[in-house]
Amino acid sequence: MTRRRKAVAAGVDIGGTTIKLGLVDGDGGLLARRRLPYAEMASFDDLADRIAHDVRAMEGDSGRTADALGIAVPGYARPDDGVMIDGTSNVPLLTNRSLAQALRQRLGLDCRTINDGSAAALGELQFGAGRGVARFALLTLGTGVGGGIVVHGRLATADDGVPPELGAMVLDDAPAGARTLEDFASARGFARAYACRGGAEGLSPDEIFHRAAAGEEAAIAAIDAVARRLAQGFGSLTNALGLELCLVGGGIAGAGEPLLARIRAHFPHFTWPFLRTRCRIDGATTGEDAGVLGAAAAAQPPAFSSAQPSTSSIE
């Protein structure tokens, strides 16, 4: 009996500073990986050439060939041709360009584009903490705040793949200053919360958590204030969607329990009691590979078929 070869997909996660690449099998195993500094890209063609080169290099490293390629991007790509039309302020080389089309020409692969927050949620659904969960939300915390929503085991997007903008949820009606979840819970939001409580300006979340662990009151208060806003966002989503699980991902989520415990403590203040008892808050488990895994899953070769998100495709 001939054993069927497991499908393999390349995943490309375009960040504002780093491009992460991985060759992923149908079980979520990373067969090879690469990193490229985005700042070193001189042009769009240079970007596409470098990614194509590294995809071939990963195939050489692993001895496996990609069946398809998925690209996770900040923003939204037009479904019919993959042209980026929104959310490229941090990756200007992609503005009004189709990376999917460029890589299809260079690699001869079916290439699909998905929003990075949706990709992270898909990565958790397929290979992480969201496996087997019908309804969950993921918030990714980093330079900005993104994420995705899964309902009935499928990514929730508009019919043409437009993703939810979770970081844009307005949590405060102040006429000026911080208003959205991203304002409060991004890296800049942590820094602002710390400075407002008497701490030094411009500190990174890692340093704030380090100071909180040492017992500094300003750092402890800042983390608590941000966690309350995250609980507010999760509570609103849970009240609307009856979520079973709220996941915290992204680089800042590496803080672990010191952040999660405070979100859980505030969650009851914003959630209908019956729904609160049916929902838990936890950390995402795919870590920094979430975007790569989700992009590979979005590519949809045969072994990546348990979730079918709406994506832009260049075949």
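**Observations concerning the overall build of the chain**
Part 1 of the argument: Counting secondary structure elements, the chain contains ten helices and 13 strands.
Part 2 of the argument: At 20 Å, the chain has a C-alpha radius of gyration in line with the 20 Å of a compact globule built from 315 residues.
Part 3 of the argument: Referenced to the eigenvectors of the C-alpha coordinate spread, the extents of the chain come out at roughly 60 × 45 × 35 Å.
Part 4 of the argument: By the burial criterion, 51% of the 315 residues in the chain qualify as buried.
Part 5 of the argument: In the chain, once contacts between residues fewer than 6 apart in sequence are set aside, the share between residues at least 24 apart is 64%.

**Remarks on the packing of aromatic side chains**
Part 1 of the argument: A complete count under the given rule lists one aromatic pair for this structure.
Part 2 of the argument: Seen in terms of ring centroids, Phe-190 and Phe-209 are 5.7 Å apart; in terms of plane orientation they differ by 45 degrees. Their pairing is tilted. You can see Phe-190 sitting in helix H5 (residues 187-196) and its partner Phe-209 sitting in helix H6 (residues 205-213), a full 19 residues away along the chain.
Part 3 of the argument: With relative accessibility at 11%, the residue Phe-209 sits in the buried group.
Part 4 of the argument: The ring of Phe-184 carries Arg-229 above its face, with NZ or CZ at 4.0 Å from the centroid.

**As for the layout of surface pockets**
Part 1 of the argument: In this structure, the second largest pocket spans a volume of roughly 190 Å³.
Part 2 of the argument: Surrounding the second largest pocket, Ala-178, Asp-183, Phe-184, Gly-189, Arg-192, Ala-193, Cys-196, Arg-197, Ala-225, Val-226 and Arg-229 form its lining.
Part 3 of the argument: Elements represented by at least two residues in the lining of the second largest pocket include exactly helix H4 (181-185), H5 and helix H7 (217-241).
Part 4 of the argument: With four residues, H5 is the single largest residue contributor to the lining of the second largest pocket.
Part 5 of the argument: A breakdown of the residues in the lining of the second largest pocket according to their chemical character gives six nonpolar, one polar and four charged.

**Re the packing of H5 against H6**
Part 1 of the argument: Axis separation between H5 and H6 bottoms out at 9 Å; the angle between their running directions is 45 degrees. Between H5 and H6, the angle is such that the two are oblique. Along its contact with H5, which presents Ala-187, Phe-190, Ala-191 and Tyr-194, the element H6 presents Pro-205, Ile-208, Phe-209 and Arg-211.
Part 2 of the argument: Residues of the contact of H5 with H6, tallied by class, amount to seven nonpolar, no polar and one charged.

**Some words on the pairing of strand S7 (residues 111-115)**
Part 1 of the argument: Counting buried residues along S7, five of its five residues qualify, which places the element largely inside the surrounding structure.
Part 2 of the argument: Because side chains alternate across S7, one face comprises the buried residues Cys-111, Thr-113 and Asn-115, and the other comprises Arg-112 and Ile-114, equally buried.
Part 3 of the argument: Sheet analysis places strand S4 (residues 68-73) next to S7, joined by five bridges and oriented parallel. Across the sheet, Ala-72 pairs through a bridge with Ile-114, a residue of S7.

**Side note on the sheet that holds strand S11 (residues 245-249)**
Part 1 of the argument: Taken in spatial order, the five strands line up as S10-S9-S8-S11-S12 in an open sheet, and their pairing is mixed. Each end of this open sheet is capped by a strand with a single partner; those strands are strand S10 (154-155) and strand S12 (280-283).
Part 2 of the argument: The pairing of strand S8 (residues 136-141) with strand S9 (residues 145-151) spans six bridges and is antiparallel. In the strand pairing of S9, Leu-139 is matched with Gly-147.
Part 3 of the argument: Seen against the sheet, helix H3 (residues 116-127) touches S8, S9, S10 and S11 and runs at an angle of roughly 125 degrees to S8.
Part 4 of the argument: Across the face of the sheet, H7 comes into contact with S8, S9 and S11 while running at roughly 160 degrees to S8.

**Here's the deal with the pattern of salt bridges**
Part 1 of the argument: Evaluation of the coordinates by the stated rule reveals 19 salt bridges.
Part 2 of the argument: Notably, a salt bridge pairs Asp-172 with Arg-229, separated by 2.9 Å at the nearest N-O pair. On the criterion of sequence distance, the pair formed by Asp-172 in the loop between S10 and H4 and Arg-229 in helix H7 is long-range, its members being 57 residues apart.
Part 3 of the argument: On the accessibility criterion, Arg-229 (19% relative accessible area) is buried.
Part 4 of the argument: One salt bridge connects Glu-216 with Arg-211, and the closest N-O pair in it is separated by 3.9 Å.

Here is what the cut-offs are and how they apply
- Counting from 1, residues in each chain are numbered in the order their sequence is written.
- Only residues with pLDDT of at least 70 get local features here, since the model is predicted, and only at 80 or more are side-chain atom pairs given and counted; chain-wide, interface and lining totals rely on the full set of residues.
- Hydrogens and water molecules were not included; the side-chain quantities draw on all heavy atoms of the structure.
- A helix here means a DSSP run of H or I that spans at least four residues, while a strand means a run of E at least two residues long, and both kinds are numbered starting from the N terminus.
- Restricting the calculation to C-alpha atoms gives the radius of gyration, and the globule rule supplies 2.2 Å times the number of residues raised to the power 0.38.
- Residue burial is assigned from relative accessible area. The probe radius is 1.4 Å, only protein chains are included, and a residue is buried under 20% of its type maximum, exposed over 50%, and partly exposed in between.
- Contact criterion: two residues are considered in contact whenever any of their non-hydrogen atoms come within 4.5 Å of each other.
- Each Phe, Tyr or Trp ring, with Trp reduced to its six-membered ring, pairs with another whose centre is within 6.5 Å; inter-plane angles below 30 degrees give stacked pairs, above 60 give edge-to-face pairs, and intermediate values give tilted ones.
- Put simply, a charge is over a ring when the Lys NZ or the Arg CZ is close to the ring centre, within 6 Å, and near the line of the ring normal, within 35 degrees.
- Two kinds of site are reported from a 1 Å grid over the protein atoms alone, namely cavities, where a 1.4 Å probe fits but cannot get out, and pockets, open sets with protein on both sides within 12 Å along at least five of seven lines, and residues are called lining when an atom falls within 4 Å of a point.
- Grid points are joined across faces, edges and corners, and a volume is the space filled by probe spheres set on the points.
- In this count, Pro and Cys sit with the nonpolar residues alongside Ala, Val, Leu, Ile, Met, Phe, Trp and Tyr, while Asp, Glu, Lys and Arg are called charged and the others, Gly among them, polar.
- Angular values range over 0 to 180 degrees, each being the angle between N-to-C directions of two axes fitted as lines to C-alpha atoms, with helices fitted over their stretch in contact.
- Orientation categories follow fixed angle ranges, with anything under 35 degrees roughly parallel, anything over 145 roughly antiparallel, 65 to 115 roughly perpendicular, and all other angles oblique.
- Strand pairing follows a simple DSSP-based rule, namely that at least 2 bridges must link the two strands.
- Any carboxyl oxygen of Asp or Glu that lies within 4 Å of a side-chain nitrogen of Lys or Arg is treated as forming a salt bridge with it.

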